[in-house]
Amino acid sequence: MIKLLNEIMAVTNRIMIELIRMRRGLIFWVVFPTLMLLLFGLIYAGGSSTTKSFDATAPGILIGAAFFFSCLGGPVALIVAERERRTLRRLLVSPLKPVSYFFGIVMAYLVIAFGQTIIVYGIAFLFGGRFHGSLLLGLLIIVLSVFSFVGAGFYFGSRFTKRTEDVNGPVAAFGVPLLVLGGTFFPVSILPSYLLALAYLDPIFHMNQALKAVSALGKGMGDIAIHLIFLAAFTVFTLFLGARSYRSMLRQEKKG
Amino acid sequence: MIDVRGLEKSFGDKVVLDKLSFSIGHNDIYGLLGPNGAGKTTTINILCNLLDADAGTISIQGNPISETTKQLVGLVPQEISIYQDLTCKENLQFFARIYGLQGSKKADRINALINELKLNTYENVKVSNMSGGWRRRVNIAVALVHSPAILILDEPTAGLDIEARYELWELIRNFKHSGVSILLTTHQLEEAERLCSRIGILQKGCIIAEGPLDKLRTLVPAKQIAVIETADEQVLCDKARSFGWEHRRYGGRVTLLLPEKYTLKDVVNKFNGIPLSSISLQEVGLEHVYLEVTRNHSSDGIKLTPTGGDK
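Attention here is on the structure that accompanies the text.

What counts, and where the lines are drawn
Residues numbered from 1 in each chain as written. Chains lettered and ligands numbered in written order. Predicted model: local features only at pLDDT ≥ 70, side-chain atom pairs only at ≥ 80, totals over all residues. Core = buried A, V, L, I, M, F, W, Y, C linked by C-beta atoms within 7 Å. Buried ≥ 20, exposed ≤ 12 C-beta atoms within 10 Å, placed from the backbone. Helix = DSSP H or I, 4+ residues; strand = E, 2+ residues; numbered from the N terminus. Contact = placed C-beta atoms within 7 Å. Nonpolar A, V, L, I, M, F, W, Y, C, P; charged D, E, K, R; others polar. Pairing = 2+ DSSP bridges. Axes fitted to C-alpha atoms, helices over the stretch in contact; angles between N-to-C directions. Right-handed = clockwise from strand over helix to strand, strands pointing away.

## Some words on the nonpolar core
Consideration 1: Counting 159 residues, the largest nonpolar core has I105(A), V146(A), A141(B), V145(B), I152(B) and L184(B) as its most contacted members.
Consideration 2: The greatest single-element share of this core, amounting to 16 residues, is contributed by helix α3 (residues 51-84) of chain A.
Consideration 3: Aside from chain neighbours lying at most four places away, what touches I152(B) is I44(B), L47(B), V73(B), G74(B), L75(B), V76(B) and L183(B).

## Describing the interface of chain B and chain A
Consideration 1: If you look at the interface, chain B gives 25 residues, while chain A gives 21 residues.
Consideration 2: Among the secondary structure elements, those contributing two or more residues to the side of chain B that touches chain A are α1 (40-47) and α2 (88-98) of chain B.
Consideration 3: Examining the composition of the side of chain B that touches chain A, we find that 5 residues originate from one element, α2(B), more than from any other.
Consideration 4: When the residues that make up the side of chain B that touches chain A are grouped by side-chain class, the tally is 12 nonpolar, 7 polar and 6 charged.

## Looking at the environment of V254(B)
Residue and element names in this part refer to chain B.
Consideration 1: Take V254: it is sitting in strand β13 (residues 253-258).
Consideration 2: Put simply, V254 and C237 are 17 residues apart on the chain and 7.9 Å apart in space, counted from C-alpha to C-alpha.
Consideration 3: Not counting chain neighbours up to four residues away, the residues in contact with V254 comprise I228, T230, E233, L236, C237, H247 and R249.

## Remarks on the sheet that holds strand β8 (residues 181-186) of chain B
The pairing of strands in a sheet happens through backbone hydrogen bonds and is either parallel or antiparallel.
All names here are of chain B.
Consideration 1: Overall, mixed pairing links the 6 strands, which are arranged β6-β7-β8-β3-β9-β10 in an open sheet. Two strands close off the open sheet at either side, each with one partner strand: β6 (73-76) and β10 (206-211). Across the sheet, the mean angle from the axis of one strand to that of its neighbour is 20°, orientation sign disregarded.
Consideration 2: Note that strand β7 (residues 150-154) and β8 share 5 bridges and pair parallel. In the sheet register, L151 faces β8, and the bridge partner there is I182.
Consideration 3: With respect to the sheet, helix α4 (residues 132-144) is in contact with β6 and β7, its orientation differing from that of β6 by roughly 165°.
Consideration 4: Across the sheet, helix α10 (residues 286-296) is in contact with β3 (29-33), β9 (198-203) and β10; its angle to β9 comes to roughly 35°.

## Examining the pairing of β7(B)
Residues and elements named next belong to chain B.
Consideration 1: Of all the 5 residues making up β7, 4 are buried; the element is thus mostly covered by neighbouring parts of the structure.
Consideration 2: As defined by bridge partners, β6 adjoins β7 across 4 bridges and the pair is classed as parallel. The residue of β7 that forms the bridge with L75 is I152.
Consideration 3: This β-α-β element, β7 to helix α5 (residues 162-177) to β8, shows right-handed connectivity.

Structural data, given as structure tokens:
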């Protein structure tokens, strides 16, 4: 167990150093959600008090504009880079276990996600927004969301991308429609009923709805149970899918 | 140290390794030579437990290949496979941790490697800011961080300039004294000649000739080699045959296998009347062994044919 933890920490530490060195990427992961939060917060305020609009906008922006690009796009880019730099092959020769590698990445992106949460809610706070519900419950939603995104990132990274140029394609093709359908940038109440029914299959919808309910409306566990159950199931599903695709990618790499 | 017996591997219908056997002793530098597709990379992948063999056995220090033998093997891939945004020291720290090194043991090992590979000036420099030669050194240091019993060097000097290559050769020679056994694959015969205590020539998945260089030299039926360029190749070859000298044509030049040692003047006089563009006398080297052995190899094994003439 200590060996496993040491391996996980080694991977996390390495990724964090790399992310910090690539300052530009980190800056964009902050700039994009910040601008989106300001824009949508001010648009929904409609010239009056920003308190309610920032309350309502912060959770969606955190999930859709912050986590989506860092925790989904990040692992995809990471896996592609490991392949291109041939470091993946070196890792295969080492005793590093795939599970350590995966959780090492999850840990690194959890750190990034917490940083983004502090920034997004910090800005919302300046405009009068508040986190009204249980912080622990909010934390649980954030952790499940990060796991889901990283698991999905593993799937896309190992399944659809071989080169750096391939990274944006699957993320944009599959991810952006899910963002829109998930009510990231506008309330799902404006969706027609058939799209709303479809939205229930979208994990981002459940992330958004759960976090909005807790953060903006102060709802409790019982009120968001359906979303939590879906998110937990989706987390397990993407972890399974990600692990399977990753194993298949490793088999290809082993063949050289 | 490493014992490979009867290794077989096929990909579909293509036989890549065909009852491959060799062994590498303690402190040996074993050179595995062969053309592309001869099976070198497949052999390395099996040794590193990346691929399963179809048949045969491998043991490293008496242990069959498994996840645990990963600790005994250090691989230096042909490509620079390290993290470019990390410094030399950070790369070493990362790989040391995933090989289970911790605390002072980790720090001591990293410092020792930095000293041994003379990386002191670059220990805190990002790999992306280093020249090719220094990156190669870090690439090697990473493979040594867990003190493996065997170091596999896959074409370690490919793409390096001559100066960096010589420096790396010196480094590899020094590893021999640190108790690690080395398997070296290379296309550069000079590299194998200078570094290896034993050499195996691989063709179509099996070793067709093996041994120390002195032993391998005896596979060439010559005491000396004359390499000649001339416009009248056929006339030259006919004359050489009349002396009982064998000849070959390699790379647009005629190679004569001289049964005795001659002076340059003696050889030139022998071909009096034939216009020679260039002539040089050489000792029998690995290049001649390699060409001779691969030329004469059939599926039955080594078949040296001292009858002369081109085939």
